[in-house]
Amino acid sequence: MKKYLFSLLTLLTLNAEAGTLSDKPAKKQRFKVMTYNIHHCNPPSAGEKIDVEAIAKVINAEKPDFVALQEVDVNTERSGKGKNQAKQLAELTGMKCYFSKAIDHQGGDYGVAVLTKFPIVDSARFALPIRPELKEEDRTIAAVTVTLPDKRKLIFASTHLGLKEPNRIQQAETIMKHFGNTELPMILAGDFNATPESPVIAYFDKYFTRTCTDCKPTIPVEQPKKTIDFIMHKQGSKLKSANTTVIDEKYASDHLPVTAEFTLD
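Summarised in this report is the structure supplied together with it. (Residues numbered from 1 in each chain as written. Predicted model: local features only at pLDDT ≥ 70, side-chain atom pairs only at ≥ 80, totals over all residues. Heavy atoms only, no water.)

## A short note on the packing of aromatic side chains
Counted according to the given criterion, the structure contains 10 aromatic pairs. Look at Phe31 and Phe262: their rings are 5.9 Å apart centre to centre, the planes differ by 15°, and that puts the pair in the stacked class. Here Phe31, found in strand S1 (residues 29-37), pairs with Phe262, found in strand S12 (residues 258-264); they are 231 residues apart in sequence, far enough to count as distant. In terms of burial, Phe31 and Phe262 fall into one category: buried. (Phe/Tyr/Trp six-rings, centres within 6.5 Å; stacked < 30°, edge-to-face > 60°. Helix = DSSP H or I, 4+ residues; strand = E, 2+ residues; numbered from the N terminus. Buried < 20%, exposed > 50% of the residue type's maximum accessible area, 1.4 Å probe, protein only.)

## Concerning the sheet that holds strand S6 (residues 139-147)
Pairing in this open sheet of six strands is mixed, and the strands run S5-S6-S7-S8-S10-S9 from one edge to the other. On the outer flanks of this sheet lie strand S5 (120-128) and strand S9 (208-210), each paired with one strand and no other. Each strand axis lies, on average, 20° off the axis of its neighbour in the sheet, ignoring direction. Across six bridges, strand S7 (residues 153-160) lies against strand S8 (residues 186-191) in parallel orientation. Residue His160 lies in a different strand from S8, and its bridge partner there is Asp191. This element, helix H4 (residues 165-179), spans S5, S6, S7, S8, S9 and strand S10 (229-234) of the sheet and lies at about 145° to S5. (Pairing = 2+ DSSP bridges. Axes fitted to C-alpha atoms, helices over the stretch in contact; angles between N-to-C directions. Contact = heavy atoms within 4.5 Å.)

## Digging into the nonpolar core
Counting 25 residues, the largest nonpolar core has Phe31, Phe66, Leu154, Phe156 and Ile187 as the members making the most contacts within it. At the level of secondary structure, the elements contributing two or more residues to this core comprise S1, strand S2 (66-74), strand S4 (108-116), S6, S7, S8, strand S11 (239-246) and S12. Broken down by element, the residue count for this core peaks at four residues, all from S12. Leaving out residues up to four positions away in the same chain, Leu154 has contacts with Phe31, Phe66, Val144, Thr145, Val146, Leu148, Pro185, Ile187 and Leu239. Core analysis: the second largest hydrophobic core is formed by 23 residues, Ile155, Met176, Ala194 and Cys212 among them. (Core = buried A, V, L, I, M, F, W, Y, C linked by side-chain atoms within 4.5 Å.)

Written out as structure tokens, the structure reads:
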């Protein structure tokens, strides 16, 4: 009888210890993010040449887990009928992709895209508004929900805002309308066409935390003077960022790519 009680107590203790171990919080997830306006894979110094491989080389050198792409061509005359630059870059980098059309262009589509190494479980495309009196090309946002290795989910989005500040403000408000209430951690990256002191960045600063507050310029690639490409994460989550870097790559595009490292506690 004593031997039986001892065995039962031992079994209960082991089970309790196993339960304690399984209830430990997940390890930090670490990943790297890039944002890159790729100028439809047309190196500015190369005439009309389309060089998708040059953009892929920049991405592969940095080994990001997420990439926000802007100015992406799909099936256009200038970049090749039947060519989907989002899919081409996904294949060349070993990542998954999602494209969001902003406008019709030369018989095809033109917009933004995301690349990620993680499984995509959901995706969304939203048009961003243009004020009737301030006409310019339509804008969009591409967002994916991914599953991280520890099974938690995260939203990653790419956008390219308008050239005129009133349009940018309305576009920012639309983004918050769609994503302001999400409980998932979220990263937003892209070409905001706005400098850090602009009203639209001040608006985003109320809801997101930029990975840098003293960010280096990203355009033009030769002697860059303006900072308009940003990576930011939604406040209220366990996301933390560090080591924002502007990559000194002058050939592949007319923007310099930006990277940042993240942890999710």
